[in-house]
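Single-letter residue listing:
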Amino acid sequence: MSAYGHQMEESYSARSLSAGSDMRSSYVLESGFYITSFAATIMITSLATIGLLMITMLVALSMMLQACQSRGSGVIELQTVNDDYSYCKVHSLHAELNSLEGHNLPSICKDLAIEYVKGGRYARELDSTKSLIEVYFDKVKPSDDGVGVVLIDIDGIFPLNPNSSNLYQNIGNCILESQNLKRILVLGLCKKLQAAGWPIVLLSRGHGSYRNVTFENLGRGGFGSCWSSLMMRDEDDSNKENEWISRQKNAIRNNGFIIKGIISSHMDILIAADTGMRNFLLPDPICDKFEQQRKPSYSIDHR
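Please read these numbers as outputs of a predicted model, since none were measured by experiment.

*Asks:* Explain the nonpolar core to me, and be specific about the residues and the numbers.
*Replies:* By size, the foremost hydrophobic cluster in this structure holds 42 residues, and its most contacted members are Ile152, Ile200, Phe223 and Ile263. In this view, Phe223 contacts Ile157, Phe158, Arg183, Val186, Leu187, Cys190 and Leu218; residues no more than four positions away in its chain are not counted. Formed by 13 residues, the second largest nonpolar core is a distinct cluster that contains Val201, Ile259, Ile262 and Leu270.

Shown next as structure tokens:
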């Protein structure tokens, strides 16, 4: 073979080797982007998990926003309920203060009065008033000046008309529950004051025909031994209630006693208080204003 031919063969061989080397390099480069099915599965699963977490976070944020809105709405609604009940209470106090009979409260007050008792607000106000009474009588003793007595108005803790049947069911339950709460409070105060040496005078505006019913109610309610006397209105007494109450106060004074405190849920007995006398007004729900009760008249009885 000539020198030229030998050079051509070596050149061809070099190009062949170079081409082979280029093909192997290309093959290795392309194999670097190859992904197995297992790796692809892991990648897809990871992306799905991230997407699920993002959706969960969005749902959680949405629920938190709704909860905040509901809480804010609840606060506004509660404030509205309190404002509405205060509006109803103003009507009720105005009617009682002016001795208005057969008055009609706004219709919205019926449901608000029921919620006032059922929701626990009435019980909380009773407890607050009880604390005020106990703090006062812890500091004042019966022997401080003469013979002191405590006058307790029991109207409102027992039904004035036990045969009344014209109540709406919810209103009836509201009245019974409020009377029970008030009866428990007054009974506790009565026993505590008596144990401290205070003579207890009970007062009721009930008609004379309800005297036996009143005794029975006192006995069943646990008041059997915690009172000294019971003042009720004569059957033929035609005086106004405030005039009759004033006479009963004078009768207590004329017997040598000093009224050191009056506990009642009615305004008439608390008006025109004497110096040295402390009046305590028990909170009174307005649900009983929706019951058309007959006003009783009274007598006095001593044990």
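*Asks:* I'd love a proper account of helix H6 (residues 211–220), names of residues and values included.
*Replies:* All buried positions along H6 are accounted for by Thr214, Asn217 and Leu218. Down the axis, H6 shows its buried residues gathered within 100° of arc, on one side only. Seen from the open side of H6, the exposed residues pointing more than 90 degrees away from its buried face are Asn212 and Arg220. On its buried face, H6 sits against strand E2 (200–203) and strand E3 (229–231). Looking one or two residues beyond H6, the residue adopting positive phi is Gly222, at roughly 90°.

*Asks:* Give a description of the environment of Lys182 that names residues and reports values.
*Replies:* Following the sequence through the fold, Lys182 ends up in helix H5 (residues 169–195). As for Lys182 and Asp127, which are separated by 55 residues in sequence, their C-alpha atoms are 9.9 Å apart. Beyond its immediate chain neighbours, meaning those up to four positions away, Lys182 contacts Tyr122, Leu126, Gly156, Ile157, Ser265, Leu282, Pro283 and Asp284.

*Asks:* Before we move on, could you go through the packing of aromatic side chains and cite the residues and values that matter?
*Replies:* In this structure the tally under the stated criterion is five aromatic pairs. Their ring planes at 40° and their centres at 6.1 Å tell us that Phe137 and Phe280 sit as a pair that is tilted. With Phe137 in helix H4 (residues 121–139) and Phe280 in strand E5 (residues 278–281), this pair connects stretches of sequence that are 143 residues apart. Judged on exposure class, the residue Phe137 and its partner Phe280 are both buried. An aromatic cluster is built from Tyr136, Phe137, Trp198 and Phe280, whose rings are joined through pairwise contacts.

*Asks:* Could you give an account of the pairing of E2, with specific residues and numbers?
*Replies:* By the alternation rule, side chains of E2 split into Ile200 and Leu202 and Val201 and Leu203, which are all buried. When E2 meets E3, the two strands line up parallel, connected through three bridges. Within E3, the residue paired with Val201 across the bridge is Ser229. You can see the chain leave E2, run along H6 and come back into E3, and the turn it takes is right-handed.

*Asks:* Explain helix H3 (residues 108–118) to me, and be specific about the residues and the numbers.
*Replies:* Cys109, Leu112, Ala113, Ile114, Tyr116 and Val117 are the residues of H3 that are buried. The positive-phi residue at the C-terminal boundary of H3 is Gly120, with phi of around 95°.

*Asks:* Go over the pattern of salt bridges with me, naming the residues and quoting the values.
*Replies:* Under the definition given, this model contains ten salt bridges. The closest approach of N and O atoms between Glu125 and Arg121, which form a salt bridge, is 3.3 Å. Of this pair, Glu125 and Arg121 both sit in helix H4, four residues apart, which is roughly one turn of that helix. The salt bridge partner of Glu134 is Lys130, with a shortest N-O separation of 4.0 Å. Of the two residues, Glu134 and Lys130 both sit in helix H4, four residues apart, roughly one turn of that helix. Residue Glu134 is classed as partly exposed on the basis of its relative accessible area, which comes to 22%.

Criteria and thresholds
Residues numbered from 1 in each chain as written. Predicted model: local features only at pLDDT ≥ 70, side-chain atom pairs only at ≥ 80, totals over all residues. Heavy atoms only, no water. Core = buried A, V, L, I, M, F, W, Y, C linked by side-chain atoms within 4.5 Å. Buried < 20%, exposed > 50% of the residue type's maximum accessible area, 1.4 Å probe, protein only. Contact = heavy atoms within 4.5 Å. Helix = DSSP H or I, 4+ residues; strand = E, 2+ residues; numbered from the N terminus. Arc of directions from axis to C-beta. Phe/Tyr/Trp six-rings, centres within 6.5 Å; stacked < 30°, edge-to-face > 60°. Pairing = 2+ DSSP bridges. Right-handed = clockwise from strand over helix to strand, strands pointing away. Salt bridge = Lys/Arg side-chain N within 4 Å of Asp/Glu carboxyl O.

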